[in-house]
Amino acid sequence: MTAQNTQSPDERPVCRRLPGRVAVVTGGGSGIGLATARRLASEGARVVVADVDAEAGRAAALEVDGLFVRTDVTDPEQVDALFATAASTYGSVDVAFNNAGISPPEDDSILTTDLQAWRRVQEVNLTSVYLCCKAAIPHMQRQGRGSIVNTASFVAVLGSATSQISYTASKGGVLALSRELGVQFAREGIRVNALCPGPVNTPLLRELFAADPERAARRLVHVPVGRFAEPEELAAAVAFLASDDASFITASTFLVDGGISSAYVTPL
């Protein structure tokens, strides 16, 4: 029997696959976005951190020796300015990690989620990805290459009786949008993939589950690995998809979910 790798994500050796590349990370002030900003910078990329939280975003950019641009990802003008600033400051837009998202407690069953809550989640989680792709792709077309990674979710491929109806629908939209763009722009050297995380140990998830421990327990029991992912594990997947190691991967549903989407019965 081979020994299991017990190294934490922070202890594993890091490649340098992205020297000279410019990466834009939305939602870069915390969670998966922050871990990815760190990982992309460690692999040699110049990182532009976008976040609506100016304090967190500035701190993240300072940590990775990058640039912070305060951005409301639901505002088309601010999104256009974000990518234009990245290109004018560093000379290109090679990677776009469109990751900003929300999961508010008022998004629940379809029977209790009101229209305002539905629309807010759709705007932040889905419309923002549309806006970011629309802004990033022309920069990538001019240079003849680029990698876009959009954060979807394992809930885009699975149903759940513990519902967050607008979140689930928004992530399904991100998955379909990413697939279509990956096909449409493949021959222009632009790859578009949907990252589909399983449950991740982030402030967003901790806040959601602190209010409902039973919901957390119900979800955790279905993960074959037996734990939630760490943000650094998702960051490693983004770095791979951003790099030339993934040069033949586009329009994919890239599941990093601890096996949850393949499980019928999980280990006891």
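Just so we're clear, the structure is a prediction, and the values are computed from it rather than from any experiment. (Residues numbered from 1 in each chain as written. Predicted model: local features only at pLDDT ≥ 70, side-chain atom pairs only at ≥ 80, totals over all residues. Heavy atoms only, no water.)

K.L.:
Even after reading the chapter, I still don't get the state of the cysteines, so can you show me in this structure?
P.N.:
Simply put, disulfide is the name for a covalent bond between the sulfur atoms of two cysteines. Counted according to the given criterion, the structure contains 0 disulfides. We note that Cys133 lacks a disulfide partner, and the nearest cysteine sulfur, in Cys132, lies 7.1 Å from it. Judged by relative accessible area, which is 2%, Cys133 ranks as buried. (Disulfide = S-S within 2.5 Å. Buried < 20%, exposed > 50% of the residue type's maximum accessible area, 1.4 Å probe, protein only.)

K.L.:
Got a minute to help me understand helix H8 (residues 231-242) in this structure?
P.N.:
Turn by turn, an α-helix covers 3.6 residues, leaving residues three or four places apart pointing in a common direction. Taking 1.5 Å of rise per residue, the 12 residues of H8 would be expected to cover 16 Å, and the 16 Å separating its terminal C-alpha atoms lies within 8% of that figure. With respect to burial, H8 is a largely interior element, 9 of its 12 residues being buried. Taken residue by residue, H8 has Pro231, Glu233, Leu234, Ala235, Ala237, Val238, Ala239, Leu241 and Ala242 as its buried positions. Packing partners of the buried residues in H8 comprise helix H1 (31-42), strand S4 (95-98), strand S5 (146-151), strand S6 (190-197) and strand S7 (253-256). (Helix = DSSP H or I, 4+ residues; strand = E, 2+ residues; numbered from the N terminus. Expected span 1.5 Å × (residues − 1). Contact = heavy atoms within 4.5 Å.)

K.L.:
Would you explain the sheet that holds strand S1 (residues 22-26) in this entry?
P.N.:
Through backbone hydrogen bonds, the strands of a sheet pair up, either in parallel or in antiparallel fashion. The parallel open sheet is built from 7 strands, whose spatial order is S3-S2-S1-S4-S5-S6-S7. In the strand order of this sheet, the two ends are held by strand S3 (67-70) and S7, each with one partner. Between one strand axis and the next, the sheet turns through 20 degrees on average, direction left out of account. Where S6 and S7 come together, 4 bridges link them in parallel fashion. Bridge pairing links Cys196 to Leu255 in S7. (Pairing = 2+ DSSP bridges. Axes fitted to C-alpha atoms, helices over the stretch in contact; angles between N-to-C directions.)

K.L.:
Is there a simple way to explain the environment of Ser166 in this structure?
P.N.:
Relative to the elements of secondary structure, Ser166 occurs in helix H5 (residues 165-184). Under the relative-accessibility criterion, Ser166 is labelled buried at 0%. As a C-alpha pair, Ser166 and Ala236 span 70 residues in sequence and 28 Å in three-dimensional space.

K.L.:
I would appreciate a short explanation of the pairing of S4 in the present structure.
P.N.:
Two faces, one strand: in a regular strand the side chains alternate between the faces of the sheet. Side chains Val95 and Phe97 of S4 all project onto a buried face; the interleaved residues Ala96 and Asn98 project onto the opposite face, where all are buried too. Taken together, the 3 bridges between S1 and S4 define a ladder with parallel strand orientation. Residue pairing across strands places Ala23 opposite Val95, the latter belonging to S4. Bridge analysis of S4 against S5 gives 4 bridges, and the strand direction is parallel. Opposite Ala96, over in S5, you have Ile148 as the bridge partner. In this view, the connection linking S4 to its parallel neighbour S5 by way of helix H4 (residues 115-143) has right-handed handedness. (Right-handed = clockwise from strand over helix to strand, strands pointing away.)

K.L.:
I would appreciate a short explanation of helix H7 (residues 213-220) in the present structure.
P.N.:
Residues Arg215, Ala216 and Arg219 constitute the buried set of H7. Buried residues of H7, seen end-on, are gathered within an arc of 100 degrees and therefore sit on one face of the element. Away from the buried face of H7 by more than 90 degrees, exposed residues Pro213 and Glu214 are located. (Arc of directions from axis to C-beta.)

K.L.:
Please explain the packing of helix H3 (residues 76-90) against H4 as it appears in this structure.
P.N.:
Helix-helix packing is characterised by the crossing angle of the two axes and by the distance between the axes. The N-to-C vectors of H3 and H4 enclose an angle of 30 degrees; their axes lie 9 Å apart at closest approach. On the basis of the axis angle, H3 is roughly parallel to H4. Like other packed secondary-structure pairs, H3 and H4 cross with a definite hand, here right-handed. The segment H3 lies against H4, with Pro76, Val79, Asp80, Phe83, Ala84 and Ala87 engaging Leu131, Cys132, Ala135, Ala136 and His139. Its residues assigned to classes, the contact of H3 with H4 comprises 9 nonpolar, 1 polar and 1 charged. (Parallel < 35°, antiparallel > 145°, perpendicular 65-115°, else oblique. Left-handed = near helix turned anticlockwise from the far one by under 90°. Nonpolar A, V, L, I, M, F, W, Y, C, P; charged D, E, K, R; others polar.)

Geometric descriptors of this kind do not, in isolation, establish any biological role.
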